[in-house]
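One-letter residues, chain by chain:
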Amino acid sequence: MIVIPGPASQSLGFQIAKILNVAVAPVRFDRFPDGEAYVRILSSLENKHVVVVQSTYPPQDQHMLELLLILDAAKDLGATKTTAVIPYFAYARQDKRFLPREAIGAKTFCKLLESVDTDEVITVEIHDPCILDRIKKAGQNLSAMQLLGKHLKKTYNPDNPLIIAPDDGAIDIAKSMASVFDSDYTFLEKRRDKYTGEIHTEKKEINIAGRDVIIVDDIVCTGGTIANAIKIIKEQGVKRVFVAFTHALFVKNALTRMLSAGGTLLTTDTIPSEVDHISVAPLIANVFKS
Ligand code: R5P
């Protein structure tokens, strides 16, 4: 096995290779004068299982294309197997048509991965795990919730926390987080305007006075979902609020928005960010150990 850390996941790729004690293939990544991507692999990949680690956070299209170029080149160069480790899987929220005649980005990304003969796809907290069913070869979704939960427990020791999903789509990850604390979980009702993208969260009476709360989500994008949830919870006499999420996408003023809402933030390194984070490298490396 040999690991190629893509331009978007240099640190994470190196960490995975280090845990597995396998070599890293040196690669030259560059740009042609007109901006097109240039990739040259500087060591032999012949008869090797090549693991490419490349997250597809913004600029998504650029990171996706770099990933496809590396995977395609690896097979051309004699790799026997290619695994695409995509810590953050782009386009996963466009997994169906919300309005008539929309393009389904998640489907197209899966097709592109298949078109370069990718043998295996490993991702973390994909927005909807069903997306991976579109990949005919093996697709695996890992959850970072146990990692995040254990870190919260060790660092802050939340007191009998209630786990809250900011919408019903996050209920499974709330359940996973709740299992770390052997606690209960619930969810809020959220609606997103299909045209403007504006979010509305329904107020909900929850008995949390004097209790710690952990809000969980897969992605923080504009921060609106979490800011709304914090506001609703804070009105009800909560003790401490923790927010654990896997992907710090952080567009526009997301971080300021969440920090002004209050609460302790914890995320992972699927996307580089300035927020306190723990690495998913051991989680991903573990897949290759078994
Ligand atoms: C959507 O359902 C996702 O799980 C997240 O809740 C959403 O992407 C967060 O977006 P934002 O931070 O823009 O509210």
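Keep in mind that this is a model prediction, so the values were computed, not measured. (Residues numbered from 1 in each chain as written. Predicted model: local features only at pLDDT ≥ 70, side-chain atom pairs only at ≥ 80, totals over all residues. Heavy atoms only, no water.)

Every one of the 15 residues lining the ligand counts as a neighbour, but Asp217, Asp218, Cys221, Thr222 and Thr225 are closest to it. Arginine 93 is positioned with one of its side-chain polar atoms (N or O) 3.1 Å from an oxygen atom of the ligand. The backbone of cysteine 221 places a nitrogen or oxygen atom 2.8 Å from an oxygen atom of the ligand. Bound to the protein, the ligand loses 92% of the 370 Å² it would expose on its own. Secondary structure elements with two or more residues in the shell around the ligand: β11 (190-192), β13 (213-220) and α6 (224-234). The element contributing the most residues to the shell around the ligand is β13, with four residues. Among the residues forming the shell around the ligand, the class breakdown is four nonpolar, five polar and six charged. (Near = heavy atom within 4 Å. Polar contact = N/O pair within 3.5 Å; in protein donor to acceptor, adjacent residues only side chain to side chain. Areas by Shrake-Rupley, 256 points an atom, 1.4 Å probe, with all protein chains shown as cover. Helix = DSSP H or I, 4+ residues; strand = E, 2+ residues; numbered from the N terminus. Nonpolar A, V, L, I, M, F, W, Y, C, P; charged D, E, K, R; others polar.)

Spatially, β10-β9-β13-β14-β15-β16 is the arrangement adopted by the six strands of the open sheet, whose pairing is parallel. Both outer strands of the open sheet, β10 (185-187) and β16 (277-278), are each paired with one neighbouring strand and no more. Strand contacts of helix α5 (residues 171-181): β9 (162-165), β10, β13 and β14 (241-248), with the helix running at about 140° to β13, the strand carrying the most contacts. Across the sheet, α6 is in contact with β9, β13 and β14; its angle to β13 comes to roughly 165°. (Pairing = 2+ DSSP bridges. Contact = heavy atoms within 4.5 Å. Axes fitted to C-alpha atoms, helices over the stretch in contact; angles between N-to-C directions.)

This part is about the domain arrangement of the protein. Per the domain assignment, the segments making up the protein are domain 1 (2-143 + 280-289) and domain 2 (145-269). Every contact between the two is made by 15 residues of domain 1 and, on the other side, 14 residues of domain 2. Buried surface at the junction of domain 1 and domain 2, both sides included, amounts to about 1300 Å², of which 62% is carbon and sulfur. Counting the surface domain 1 buries against domain 2, the share from its top three residues, Tyr88, Leu99 and Glu125, is 38%. Here domain 1 and domain 2 share zero salt bridges between them. Put simply, domain 1 and domain 2 have six residue pairs in polar contact (both at pLDDT 80 or more) between them. (Domains from an automatic or database assignment. Buried area = accessible area lost by both parts, 1.4 Å probe. Salt bridge = Lys/Arg side-chain N within 4 Å of Asp/Glu carboxyl O.)

Bringing the packing of helix α1 (residues 10-20) against helix α8 (residues 281-289) into the picture now. The geometry of α1 relative to α8 is characterised by a closest axis approach of 9 Å and an angle of 45° between their N-to-C directions. For the element pair α1 / α8, the angle class is oblique. Here the hand of the crossing between α1 and α8 comes out right-handed. Contact with α1, carried on its side by Leu12, Gln15, Ile16, Ile19 and Leu20, involves Ala281, Pro282, Ile284, Ala285, Phe288 and Lys289 of α8 and no other residues of that element. Grouping the amino acids of the contact of α1 with α8 by side-chain chemistry returns nine nonpolar, one polar and one charged. (Parallel < 35°, antiparallel > 145°, perpendicular 65-115°, else oblique. Left-handed = near helix turned anticlockwise from the far one by under 90°.)

Core analysis: the largest hydrophobic core is formed by 36 residues, its most contacted members being Met177, Ile214 and Val216. Broken down by element, the residue count for this core peaks at six residues, all from α5. Both of domain 1 (2-143 + 280-289) and domain 2 (145-269) provide at least three residues apiece to this core. Other than its neighbours up to four places away in sequence, methionine 177 contacts Met145, Leu148, Gly149, Leu152, Ile163, Ile214, Val216 and Ala244. With 30 residues, the next largest nonpolar core counts Ile41, Leu67, Ala79 and Ile131 among its residues. (Core = buried A, V, L, I, M, F, W, Y, C linked by side-chain atoms within 4.5 Å. Buried < 20%, exposed > 50% of the residue type's maximum accessible area, 1.4 Å probe, protein only.)

Turning our attention to the sheet that holds strand β5 (residues 49-53). The strand order β2-β1-β5-β6-β7-β8 describes an open sheet built from six strands, whose pairing is parallel. Since the sheet does not close on itself, it has two edges, and those belong to β2 (23-24) and β8 (138-142), each with one partner. Where α8 meets the sheet, it contacts β5, β6 (81-86), β7 (120-124) and β8, and its direction lies at approximately 150° from that of β7.

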